[in-house]
Amino acid sequence: FDVRFEPPIAKAENRRRVLSECKMDSLLAGSPGASGVAYDGNAILYVANGALQLSSEAARQGWVDENGELGFTRQEAGRKPLQLTLKRAGGDAVLRNFGDFMTKAGGDDVRAHQMALEVVLKHQACTRFKALGDAFYDETCEASWADQRRLVSGSSLPSSLWLGYRSTIVRTENGPALHVDRAVSCMLEPLELIDFLAKKLRVRDVRDLRLDRPGTVASDYSVVGGEHAKVGGALVSALTRKLTEGTRRLRVMSRHKMGGPRNKTPTMTYTVRGLDAVRADQAFFAEACGRCAPCDATRAAGARPSSEQCESPHRISVFDWFGREFRSFPLRRPDLPCLCCGPQTNPRKLLLPLELASILPGQPQQEVGPDLVAEMITQTCIWPHERMPLIKSVVRDEYSERADPAKTTTSRAFSMSVTPELVTTTGRVLEPCSMLYGNQRVEGCDIRNGAWNLRSTAFQRGGKCSGFAIVHCEPPHYGSFQAGVFIETLKRVARERNMPLADARLIGKEIDACEAVRQYDLEPFLTGAVKELQAEEERNAQRERRPKCNIDLIIAVIGDNAGQNGRYVYPALKRWSHTVSGIPSQCVQQKKAMYKSDHRRDKMMASDPQYAAGLLLKINLKLGGANAFAETPTQIGRQGRGIELMLDGPNEGTMVCGLDVHHPAAGSSKPSYAAIVASLDPRCVRFKTIITEQGQIPSERTSSGRPTPGAVVQRQEIVGSLEESMKSLLRDFVSADCWRTGGRPPKRIIFFRDGVAHNQFEEVTRQEIAQIRRAADAICGEAYKPQLIFIVTQMRTKARFAIKDVAPSKGGGKGGGKGGGKGGGKGGGPPAPGVEDWL
């Protein structure tokens, strides 16, 4: 069935909750054969063993049948009625034949079967656990695999790590398989909101928090002034951005709206839209008098009198109103602002005193610093002999035939079961490649330690750089910036690496961009500052009678606040570098390029050659250089050194391409972008990148064919400009002639396509492969038929692997067998002879 809510409900958890409250049991009871339902949280509802039918009992509960559509209207006091509609969808015949999906070959409708299985298992998990994306967490920690660990040290905000699991169904050569993996999320602790703000602003005593330079409420109840209002030294506008940033808005509960056992269950929650710029005792609103005829008529109808209908409303402040209505919760801080919790179109429509609000439990933390990221990686990358019992307990308790029947009601209704036995497969050891750095060959890299000595080793090709500039984005906190020490160390290590940066000139004075960062005006400031430096360098070159040096590199010294850097500084720098100036930029953390006065505790990173060498690895690539060449074992000693796949013949080239589409957050008006990158040489160190803007399709159009104002924009995944991009890439490949073939096009194109949903596989591959073929015909003629390998990738694999029947070992090192991250090693095993790492 297709599921539709009117008005629409934004969050999947709210849609699930509303569906469960709409008397679905009465529909199931009156539908012959139907034994259960599974809802995907969006627009699809599956029914097991039959169709939903309207019975007399369901009609008494409020269900209606209109033109073959089942409808239910839910009415809550003070809210608009909510209409739920279930419409029979096609595809029943496809879903009946699951036998094809279970076979090794698979059927024609594999993806429909796979989606149905996933929806069933996800619905079953969502009825008992909290869902965050594709992960599930037990808020009560009653499950054997669940855990919550509180973290305080190293973080500005008290947080806790929730440990759960994520799962997905994939189709393998032996039929469908359930992949299960460990999951972790960083959650906010349920603090009083005033304590939360104090920790966010690093204020030791909450009594020091007050609203300074507040605005006032005019006679029409609009706010006058308040642009410079501050709380704890921070602008209210900045705090509003911190409280409302991210895809998940901060939700709070209030002490005056609690119920349940011992008044610990919130009966009302609020979404924070920001902070008010007016004190609580000055935040006035209009209140109905309650004595006039319209108020009496409204009260007689069972509703609360409103100020709009009242003949003589009076002014009252939020502070006084709460003190009068809720005497058991006395307010003590009239100098604090209120929380704006109204609708997005009018946030001040609902004001809540700050001192009453607390953070609702179970909310992901938006700002996750490096210390929390490190802890999350530690928890997810445990040893396989520790991980596997946890994965087995998830399957045993939640999925297998031996699980409690009360926990597997949905899967049993759909006649599904999961075997508790792990799948065993045969692995293979890949012989490591050799790396060429300058004239040094590192044979068979030491995987156990994950590192090798590169001191006094030159890069294969140094990037070009005649001059660079330094930009400060944060006032110094650790003493004076050691530009001389830092730059001298960087140049000395660059000289060892055979980089032209060693002879580059520091152009002009260091640029102070701290004020521009505070004013969110960094990009135009950098444009003007760089122009001034270039003009000054041109005058100096003429006066000193030497060639002019260009600014080929920007070294940006940024602060240590990961949240601030991620929200504005880093995106603004890279946006200016990539789209405005074209000058490569390298960000340097302030504490790593500053001289620290306390030598007993902190290391002077400005003069550390190891830190400089790590920076140069990135800087050299940004300047067009090549750090190293890879050699597969069969190519060692041959004249055409390089990767074996790229060197099938003396006059045959291979081009490797990658394509992805980036979509902005839901509801954003920003466009989507497609990026494609292609290799131009046998060693895959020279690339060409093309970025194009994706088209947008309005969901509704007027009779004249124009987009309806306010219509939802549908994001396009298929890249319509791929043909033109491939033409440009093929031209560059031919003109580069890195294979010395006299300008021949590549014999083989290996194309990686990422980010395609399972229901778009066929359409994307059909249209985009056709565009690649047309581009090849247009550039090289119809006789040119390159081998095309088109690989569509997805991050659906949640499996973890461990070496079977190998005793646990305390081995280790940087690469010694621990399971990798989401995009890296997909598992691991304790170190065994000859097998230390898994990819």
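In what follows, the structure referred to is the one given above.
Summarised in this report is the structure supplied together with it.

### Some thoughts on the overall build of the protein chain
Part 1 of the reasoning: For the protein chain, the count of helices and strands is 20 helices and 41 strands.
Part 2 of the reasoning: Per-residue burial for the protein chain yields a buried fraction of 44% across its 839 residues.
Part 3 of the reasoning: The long-range fraction of contacts in the protein chain, counting pairs at least 24 apart against all pairs at least 6 apart in sequence, stands at 64%.
Part 4 of the reasoning: Summed over all atoms, the accessible surface of the protein chain reaches about 44,400 Å², with 50% contributed by carbon and sulfur.

### Observations regarding the packing of aromatic side chains
The description of an aromatic ring pair rests on the distance of the ring centres and on the angle between the ring planes.
Part 1 of the reasoning: Under the defined criterion, the tally for this structure stands at twelve aromatic pairs.
Part 2 of the reasoning: Between the aromatic rings of W63 and F72, the centroid separation amounts to 5.2 Å while the plane-to-plane angle is 50 degrees, which identifies the pairing as tilted. Like F72, W63 is buried.
Part 3 of the reasoning: Through a chain of ring-to-ring contacts, three or more aromatic side chains come together here, namely F129, F136, W145, Y165 and Y399.
Part 4 of the reasoning: Its guanidinium or amino end placed over the ring of F284, R315 lies 4.5 Å from that ring's centre, counting from NZ or CZ.

### Observations concerning the environment of S312
Part 1 of the reasoning: Counting through the fold element by element, S312 comes out in the loop between α9 (293-300) and β23 (314-317).
Part 2 of the reasoning: Classification of S312 as partly exposed rests on a relative accessible area of 43%.
Part 3 of the reasoning: Distance in space between the C-alpha atoms of S312 and C289 is 6.3 Å, their sequence separation being 23 residues.

### With respect to the nonpolar core
Part 1 of the reasoning: Within the largest apolar cluster, 44 residues are counted, with the highest numbers of intra-cluster contacts made by L193, L209 and L339.
Part 2 of the reasoning: For this core, the element with the highest residue contribution is helix α7 (residues 193-200), accounting for five residues.
Part 3 of the reasoning: Beyond its immediate stretch of four places on either side in the chain, L339 contacts L193, V252, V272, G274, L275, L350, L351, L352, L354 and A357.

### Points about helix α19 (residues 722-736)
Part 1 of the reasoning: For α19, which comprises 15 residues, the first-to-last C-alpha distance of 21 Å matches the rise-based estimate of 21 Å (1.5 Å per residue) to within 8%.
Part 2 of the reasoning: When we look at burial in α19, the residues that qualify are L722, E723, S725, M726, K727, L729, L730 and F733.
Part 3 of the reasoning: Looking at the buried side of α19, the elements it contacts are β35 (654-662), β36 (673-679), β37 (687-693), β40 (748-754) and α20 (761-780).
Part 4 of the reasoning: One or two positions beyond α19, positive phi appears at D737, with a value near 50 degrees.

### Considerations on the sheet that holds strand β16 (residues 234-235)
Part 1 of the reasoning: What the three strands build is an open sheet, ordered β12-β15-β16; its pairing is antiparallel. The open sheet terminates on both sides in strands that have one partner only, identified here as β12 (211-212) and β16.

### Some points on the side chain of D397
Part 1 of the reasoning: Relative to the assigned elements, D397 resides in helix α12 (residues 384-398).
Part 2 of the reasoning: Within polar-contact distance, the side chain of D397 engages the side chain of R396 at 3.2 Å.
Part 3 of the reasoning: Apart from residues lying up to four places away in sequence, D397 is in contact with S144, W145, A403 and K407.

### So, unusual backbone geometry
Part 1 of the reasoning: That bond from E6 to P7 is cis: its omega, 0 degrees, falls within 30 degrees of zero.
Part 2 of the reasoning: Summarising the element assignment, P7 is placed in the loop between β1 (2-6) and α1 (12-20).
Part 3 of the reasoning: One non-glycine residue with positive phi stands out, namely C141, at about 60 degrees.
Part 4 of the reasoning: Among the secondary structure elements, C141 is positioned in the loop between β8 (135-137) and β9 (147-151).

### Re the environment of P294
Part 1 of the reasoning: Position of P294 among the secondary structure elements: in helix α9.
Part 2 of the reasoning: Considered as a pair, P294 and C310 are 16 residues apart in the sequence and their alpha carbons are 6.0 Å apart.
Part 3 of the reasoning: If sequence neighbours within four positions are ignored, P294 has contacts with Q309 and E311.

### Focus: the environment of G467
Part 1 of the reasoning: Looking at the element boundaries, G467 is found in strand β29 (residues 467-472).
Part 2 of the reasoning: Sequence separation between G467 and I554 is 87 residues, and the spatial gap between their C-alpha atoms is 9.2 Å.
Part 3 of the reasoning: If sequence neighbours within four positions are ignored, G467 has contacts with A504, R505, I507, N550, I551, D552 and L553.

### A closer look at the pattern of salt bridges
Part 1 of the reasoning: As enumerated under the stated definition, the model contains 29 salt bridges in all.
Part 2 of the reasoning: A salt bridge links E537 to R546; the shortest N-O distance between them is 2.7 Å. Residues E537 and R546 agree in their burial class; the two are buried.
Part 3 of the reasoning: Sharing partners across several salt bridges, the network here consists of E723, E724, K727 and R774.

### Section: the pairing of β40
Part 1 of the reasoning: By the criterion of burial, β40 is predominantly enclosed, with five of the seven residues buried.
Part 2 of the reasoning: Strand direction decides the pairing type here: β35 and β40, joined by six bridges, are parallel. Note on β40: the bridge partner recorded for V656 is I750.

### Section: a nonpolar patch on the surface
Part 1 of the reasoning: Side chains of V368, V373 and I377 sit close together on the surface and give an oily, nonpolar patch of about 210 Å² of accessible area.
Part 2 of the reasoning: Mapping V373 onto the fold places it in helix α11 (residues 370-380).

### What about the sheet that holds strand β25 (residues 351-353)?
Part 1 of the reasoning: On the basis of which strands lie adjacent, the open sheet formed by three strands has the order β21-β24-β25 and antiparallel pairing. Each of the sheet's edge strands pairs with one partner strand only, and the pair in question is β21 (274-279) and β25. Strand-to-strand twist in this sheet, taken as the mean axis angle between neighbours without regard to direction, amounts to 40 degrees.
Part 2 of the reasoning: Where strand β24 (residues 337-340) meets β25, three bridges bridge the pair, whose relative direction is antiparallel.

Conventions we followed
Residues numbered from 1 in each chain as written. Predicted model: local features only at pLDDT ≥ 70, side-chain atom pairs only at ≥ 80, totals over all residues. Heavy atoms only, no water. Helix = DSSP H or I, 4+ residues; strand = E, 2+ residues; numbered from the N terminus. Buried < 20%, exposed > 50% of the residue type's maximum accessible area, 1.4 Å probe, protein only. Contact = heavy atoms within 4.5 Å. Areas by Shrake-Rupley, 256 points an atom, 1.4 Å probe, with all protein chains shown as cover. Phe/Tyr/Trp six-rings, centres within 6.5 Å; stacked < 30°, edge-to-face > 60°. Lys NZ or Arg CZ within 6 Å of the ring centre and 35° of its normal. Core = buried A, V, L, I, M, F, W, Y, C linked by side-chain atoms within 4.5 Å. Expected span 1.5 Å × (residues − 1). Pairing = 2+ DSSP bridges. Polar contact = N/O pair within 3.5 Å; in protein donor to acceptor, adjacent residues only side chain to side chain. Salt bridge = Lys/Arg side-chain N within 4 Å of Asp/Glu carboxyl O. Patch = residues over 30% accessible without salt bridge, like charges linked within 9 Å, V, L, I, M, F, W, Y side chains within 5 Å. Axes fitted to C-alpha atoms, helices over the stretch in contact; angles between N-to-C directions.

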